[in-house]
Amino acid sequence: MCKIKIKTVLFLTVLEIVLVTTAAFKETCEFDREMEEQCRIHNYKTVKPLLDYFRQVRNELEHKEIKESKSNELNSDLREKHHEIVRIHEKFMKEAALLDEYKNKVLKGEDDLQTCQNKVHKFEPEINSKQNIIVKLKEELADKSSHFENCELQFKNLNSRFSENIQNITEHQKTIELQLEQSKTKLIKNEKENQLCRAELDKLSLTSCIPFGDSDIHQLNVSGVGLFDVLCDSQLAGPGWIVIQQRVGGNESFNRDWATYRKGFGSYKSDFFLGLEKIHRIASLKRHELYIHLVTLNGSIYNARYDDFKISDEDSGYKISLGKFNGTIIEDAMRYHENMKFTTFDRDNDIGDGNCAVDYESGWWYGGCANCNLNKPYGRNLFWYKPNPLKEAKMLIRPKEAMKK
């Protein structure tokens, strides 16, 4: 470009000299009309080479501009290709990070189940091999990046190779996902087997009366309270019931303190209360139903059933929960007491102004105070709803799901 400018300056200088010379010749020619034709010929011969040179210079300038335009276009294309390679590289790195994430999930699965750990270990060499391939591909990518400016064909070849590599990584990722899904299925299967095992252990640990199938005293082993006797009943409402409260003889006082109600009291041959802590522990193992057996003073027999019975722990006041009601008696008298804490004369948890346990001479799940009370002193004071005084009452519980099986 610099040479062309020098030539242009030189051309303009020569042109100026020619013009001056032409002017001198013109003045001379004015004095000599006969030499006019020779002056024109001389001027043409003098200027023509300069005009030809000027055209040549102009053509060279236009040709150079065309080359520069093509060069700029090629540089722009090279930059675009470079950006495209950077994007491919970033996508490639994300895929590598995703593979690492799946590896961590596999390792977590190893900690959850020992049997799956051995199988997952078999996949680790393959994963490591694929990681080595990825490292080699990254090194190859770095080497090829230094040669991208050579030509457009090399860019296309590299793009094709990267597309194939990404496809291979995607296929491997799908394989890992499938393997993880298979491992997850096996974990779920093992969990179900563990649940079956726990169910069998529950049977062996005897936490209900279902295995006995009779009406007698048996020993249970419940976590948190250990071994203790219970009265089983298979006559009133089918097999497998545990009697948690019984009023049949009137020989036992139910006006007891909190500690006694917590532990339990009475005789299985007469009146008794199994104990709040034992009832809580038993009903917490699985879903239980509650069956209440009622005999009125005139000898009529009724029952009330609730499909989801449980009581909370001592810190929550042994709060009662019942579930849905059905039975042969019309009044759902226990509903008033749902979600109420247990109250004794030395621990007032009711919602009334006084202490209902003092007024009714018995511990119970009082609200403010009661629609029914199966712990009141024996006789007409023992009632299920006010018009129904009782001479007998029993409260029994049994695992609900176990009987469905």
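For the structure itself, consult the block above.
Note that the coordinates shown come from a computational prediction; the quantities given were computed from them, not determined experimentally.

The rules we used
Residues numbered from 1 in each chain as written. Predicted model: local features only at pLDDT ≥ 70, side-chain atom pairs only at ≥ 80, totals over all residues. Heavy atoms only, no water. Helix = DSSP H or I, 4+ residues; strand = E, 2+ residues; numbered from the N terminus. Contact = heavy atoms within 4.5 Å. Areas by Shrake-Rupley, 256 points an atom, 1.4 Å probe, with all protein chains shown as cover. Pairing = 2+ DSSP bridges. Disulfide = S-S within 2.5 Å. Buried < 20%, exposed > 50% of the residue type's maximum accessible area, 1.4 Å probe, protein only. Polar contact = N/O pair within 3.5 Å; in protein donor to acceptor, adjacent residues only side chain to side chain. Core = buried A, V, L, I, M, F, W, Y, C linked by side-chain atoms within 4.5 Å. Salt bridge = Lys/Arg side-chain N within 4 Å of Asp/Glu carboxyl O. Phe/Tyr/Trp six-rings, centres within 6.5 Å; stacked < 30°, edge-to-face > 60°.

*Asks:* So what exactly am I meant to see when it comes to the overall build of the chain here?
*Replies:* Per the secondary structure count, the chain includes 8 helices and 12 strands. The contacts of the chain with a sequence gap of at least 6 include a subset with a gap of at least 24, amounting to 54%. Total accessible area computed for the chain in this model is approximately 24300 Å², and 52% of it derives from carbon and sulfur atoms.

*Asks:* Please clarify how the pairing of strand 7 (residues 301-311) should be interpreted in this entry.
*Replies:* If a strand is regular, its side chains alternate between the two faces of the sheet. In terms of strand pairing, strand 6 (residues 288-296) meets strand 7 through 7 bridges, oriented antiparallel. Of the residues in strand 7, the one forming a bridge with Tyr291 is Arg305. Between strand 6 and strand 7, which pair antiparallel in sequence order, lie 4 residues; one of them, Gly299, sits at a positive phi of approximately 95°. Note that strand 7 and strand 9 (residues 325-327) share 3 bridges and pair antiparallel. Of the residues in strand 9, the one forming a bridge with Ala304 is Gly327.

*Asks:* When you look at the state of the cysteines in this model, what are you seeing that I'm missing?
*Replies:* When the sulfur atoms of two cysteines share a covalent bond, that bond is a disulfide. The tally for this structure, following the rule as stated, stands at 2 disulfides. Each sulfur in the disulfide pair Cys356 and Cys369 lies 1.8 Å from the other. Between Cys356 and Cys369 the disulfide shows an S-S torsion of about -80°. By sign, it is left-handed. Remark: Cys369 occurs in the loop between helix 7 (356-360) and strand 10 (372-373) and Cys356 occurs in helix 7; sequence separation between them is 13 residues. The same class applies to Cys356 as to Cys369, namely buried.

*Asks:* Could you clarify how one ought to interpret the side chain of His288 in this entry?
*Replies:* In this structure, His288 sits in strand 6. Of note is the side chain of His288, whose polar atom sits 2.9 Å from the backbone oxygen of Lys286. Dropping the residues within four chain positions of it, His288 is found in contact with Ile282, Ala283, Asp307, Asp308, Phe309, Ile397, Arg398, Pro399 and Lys400.

*Asks:* For this particular structure, what's the right way to read the nonpolar core?
*Replies:* Buried together is how nonpolar side chains tend to be arranged in soluble globular proteins. Within the largest apolar cluster, 49 residues are counted, with the highest numbers of intra-cluster contacts made by Ile292 and Trp384. Those residues in contact with Ile292, other than ones at most four positions away along the chain, are Tyr302, Asn303, Ala304, Tyr306, Met334, Leu374, Trp384, Lys394 and Met395. Listed in part, the 7 residues of the second largest apolar core include Ala237, Val243, Tyr291 and Leu396.

*Asks:* Any chance you could explain the pattern of salt bridges here in plain terms?
*Replies:* Two side chains with opposite charge may pair up if their charged atoms get near one another. If you walk through the whole model with that rule in mind, you get 12 salt bridges. For Arg287, the salt bridge goes to Asp307, with nearest N and O atoms at 3.3 Å. Placement of the pair is Arg287 in the loop between helix 6 (276-285) and strand 6 and Asp307 in strand 7, with a sequence separation of 20 residues. With a relative accessible area of 35%, Arg287 lands in the partly exposed category. Between Asp308 and Lys310 there is a salt bridge whose closest N-O contact spans 3.4 Å. Take Lys310: its relative accessible area is 36%, and that puts it in the partly exposed class. By sharing partners, the salt bridges in this structure join Arg262, Glu277, Arg281 and Glu314 into a single network.

*Asks:* Is there a simple way to explain the packing of aromatic side chains in this structure?
*Replies:* Given two aromatic rings, their pairing is described by the distance between the two centres and the angle made by the two planes. Throughout the structure, instances matching the rule amount to 14 aromatic pairs. The interplanar angle of 75° and the centroid separation of 5.2 Å between the aromatic rings of Tyr261 and Phe273 together place this pair among those described as edge-to-face. Of this pair, Tyr261 sits in helix 5 (residues 258-263) while Phe273 sits in strand 5 (residues 272-273); the two residues are 12 residues apart in sequence, bridging distant segments of the chain. Residue class for Tyr261 comes out buried when judged on its relative accessible area of 0%. Take Phe273: its relative accessible area is 2%, and that puts it in the buried class. Seen in terms of ring centroids, Tyr268 and Phe272 are 4.8 Å apart; in terms of plane orientation they differ by 90°. Their pairing is edge-to-face.

*Asks:* I tried to follow unusual backbone geometry on my own but got confused; where do I start?
*Replies:* Residues apart from glycine generally show negative phi values, whereas peptide bonds are mostly found in trans. A cis amide bond links Gly368 to the next residue, Cys369, at an omega of 10°. Unusually for a residue other than glycine, Asn339 sits at a positive phi of about 70°. Structurally, the position occupied by Asn339 is in the loop between strand 9 and helix 7. Since its relative accessible area comes to 49%, Asn339 is described here as partly exposed.

*Asks:* Would you take a moment to explain the side chain of His337 for this structure?
*Replies:* Relative to the helices and strands, His337 resides in the loop between strand 9 and helix 7. Judged by relative accessible area, which is 0%, His337 ranks as buried. Among the polar contacts made by the side chain of His337, one reaches the main-chain amide nitrogen of Asn371 at a distance of 3.1 Å. In this structure the side chain of His337 is engaged in a polar contact, spanning 3.3 Å, whose partner is the backbone oxygen of Cys372. When sequence neighbours within four positions are dropped, the list of residues in contact with His337 reads Ile320, Trp364, Trp365, Tyr366, Gly367, Cys369, Ala370, Asn371 and Cys372.

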